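Read off the chains here:
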Amino acid sequence: MTFKAPDSLAEQIAHHLAERIIRGEMKPGERIQEQKVTQALNVSRGSVREALLILERRHLIAILPRRGAHVTELTAHKVRSLCTLMSELYILLGNSVANGWQVQADMAPFVQIQQRLAASYARQDIRAFVDDSFSVMRAAYPFADNPYLQETVENLQPAMSRAYFLALEQRKAEMSEFLELFERLLAAVLARDLPQIRIVLTAYAQRSCDLVVSALTAA
């Protein structure tokens, strides 16, 4: 990707490095040298250090005393732990939408996402499909009105993206299943059926976890 200096320099540096980690261009255990990043992007060392702290908070790197910053390992245990936690966070967001929507127009963003998912499925565009899957949670933030929940989900989302990217090809065969799950989720939210929301989102998280662990084992 082409690096473009933005208003928030540290965040953009973090995003640039995160994309490389998520796409597997930077391998697990690989050291991230501040000086090389500084020279490559023509930015200050202080901005790079701040960016590395952001990446550590997002679980993409670990910063160790006297060893510097390294890309974190992606293991089956970490994937399962992450999916278990994200499942509960998704359920909180789903319940917030179910309890908060007032008129049909409130659900318009989710219907639009459903249409984009269907279009991505028709094109067999897995990356767009995954991106829109994450758009669902962001559309739910206003209903939750919980900055702590939003911050937690946003900090964990890059780690989930990294795991999903590993399993992109495996997800191609499952796109229709995920579309069906999303349809069931929308129906449950419209009915304010909280137990069904838990069932659907738990199934989604478990299926996603199984795909990633399978890809990780095969890698």
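Quick caveat, the model's predicted, so the values are computed rather than measured. (Residues numbered from 1 in each chain as written. Predicted model: local features only at pLDDT ≥ 70, side-chain atom pairs only at ≥ 80, totals over all residues. Heavy atoms only, no water.)

### Considering the packing of helix H4 (residues 76-100) against helix H10 (residues 194-218)
Point 1. Put simply, H4 and H10 touch, their axes get as near as 9 Å, and they point 155 degrees apart. In terms of axis orientation, H4 runs roughly antiparallel to H10. The handedness of the crossing between H4 and H10 comes out as right-handed. The residues of H10 that touch H4, namely those facing Ala-76, Val-79, Arg-80, Cys-83, Ser-87, Glu-88, Tyr-90, Ile-91, Gly-94, Asn-95, Ala-98 and Asn-99, are Leu-194, Ile-197, Arg-198, Leu-201, Thr-202, Tyr-204, Ala-205, Cys-209, Val-212, Val-213 and Leu-216. (Axes fitted to C-alpha atoms, helices over the stretch in contact; angles between N-to-C directions. Helix = DSSP H or I, 4+ residues; strand = E, 2+ residues; numbered from the N terminus. Parallel < 35°, antiparallel > 145°, perpendicular 65-115°, else oblique. Left-handed = near helix turned anticlockwise from the far one by under 90°. Contact = heavy atoms within 4.5 Å.)

### Here's the deal with the environment of Leu-64
Point 1. In this fold, Leu-64 is placed in strand S2 (residues 61-64).
Point 2. Classification of Leu-64 by relative accessible area gives partly exposed; the value is 35%.
Point 3. Sequence separation of Leu-64 and Pro-158 is 94 residues, and the distance between their C-alpha atoms is 20 Å. (Buried < 20%, exposed > 50% of the residue type's maximum accessible area, 1.4 Å probe, protein only.)

### Notes on the pattern of salt bridges
Point 1. Applying the stated rule across the entire model yields 11 salt bridges.
Point 2. Note that Arg-116 and Asp-132 form a salt bridge whose closest N and O atoms lie 2.9 Å from each other. Of this pair, Arg-116 sits in helix H5 (residues 108-123) while Asp-132 sits in helix H6 (residues 126-144), placing them 16 residues apart in sequence.
Point 3. Asp-132 sits in the buried class, given a relative accessible area of 10%.
Point 4. Where Glu-154 meets Arg-138, a salt bridge forms, and the shortest distance between an N and an O atom there is 2.8 Å. Placement of Glu-154 in helix H7 (residues 147-166) and of Arg-138 in helix H6 is noted, with a sequence separation of 16 residues between them. (Salt bridge = Lys/Arg side-chain N within 4 Å of Asp/Glu carboxyl O.)

### Regarding unusual backbone geometry
Point 1. Even without a glycine there, the phi angle at Gln-124 is positive, about 60 degrees.
Point 2. Inspection of the secondary structure assignment puts Gln-124 in the loop between H5 and H6.
Point 3. Residue classification places Gln-124 among the partly exposed residues on the basis of a relative accessible area of 34%.
Point 4. Although it is not a glycine, Arg-192 sits at a positive phi angle of roughly 55 degrees.
Point 5. Within the secondary structure, Arg-192 is located in the loop between helix H9 (175-190) and H10.

### Description of the environment of Ala-167
Point 1. Inspection of the secondary structure puts Ala-167 in the loop between H7 and helix H8 (168-172).
Point 2. Taking the C-alpha atoms as reference points, Ala-167 and Ala-128, separated by 39 residues in sequence, lie 14 Å from one another.
Point 3. Beyond its immediate chain neighbours, meaning those up to four positions away, Ala-167 contacts Leu-211, Val-212 and Ala-215.

### Concerning the packing of aromatic side chains
Point 1. Taken as a whole and judged by the stated rule, the model has four aromatic pairs.
Point 2. Between the aromatic rings of Phe-110 and Phe-143, the centroid separation amounts to 6.0 Å while the plane-to-plane angle is 45 degrees, which identifies the pairing as tilted. Taken together, the residues Phe-110 in helix H5 and Phe-143 in helix H6 connect sequence positions 33 residues apart.
Point 3. Given the relative accessible area of 4%, Phe-110 is considered buried.
Point 4. With relative accessibility at 22%, the residue Phe-143 sits in the partly exposed group.
Point 5. Measuring from centroid to centroid gives 5.2 Å for Phe-178 and Tyr-204, while their planes differ by 75 degrees, and the two rings are edge-to-face. In this pair, Phe-178 is assigned in helix H9 and Tyr-204 in helix H10, connecting sequence segments 26 residues apart. (Phe/Tyr/Trp six-rings, centres within 6.5 Å; stacked < 30°, edge-to-face > 60°.)

### Section: the sheet that holds strand S3 (residues 68-71)
Point 1. Reading across the sheet, the three strands line up as S1-S3-S2 and stay open at both edges, with antiparallel pairing between neighbours. Of all strands in the sheet, those bounded by a partner on one side alone are strand S1 (31-32) and S2.
Point 2. When S2 meets S3, the two strands line up antiparallel, connected through four bridges. Directly across from Ala-62, in S3, lies its bridge partner His-70.
Point 3. Along the sheet, helix H3 (residues 45-57) makes contact with S1, S2 and S3, crossing S2 at roughly 115 degrees. (Pairing = 2+ DSSP bridges.)

### Some words on the layout of surface pockets
Point 1. Here the largest pocket is characterised by a volume of approximately 460 Å³.
Point 2. Along its surface, the largest pocket is lined by 22 residues, and Glu-19, Ile-22, Asp-131, Gln-157 and Ser-161 are the ones closest to its centre.
Point 3. At the level of secondary structure, the elements contributing two or more residues to the lining of the largest pocket comprise helix H1 (9-22), H6 and H7.
Point 4. When residues in the lining of the largest pocket are grouped by element, the largest group, seven residues, is from H1. (1 Å grid on protein atoms, 1.4 Å probe; cavity = no way out; pocket = protein on both sides within 12 Å on 5 of 7 lines; lining within 4 Å. Points joined across faces, edges and corners; volume = space filled by probe spheres on them.)

Everything listed is a geometric property; what it means functionally is a separate question.
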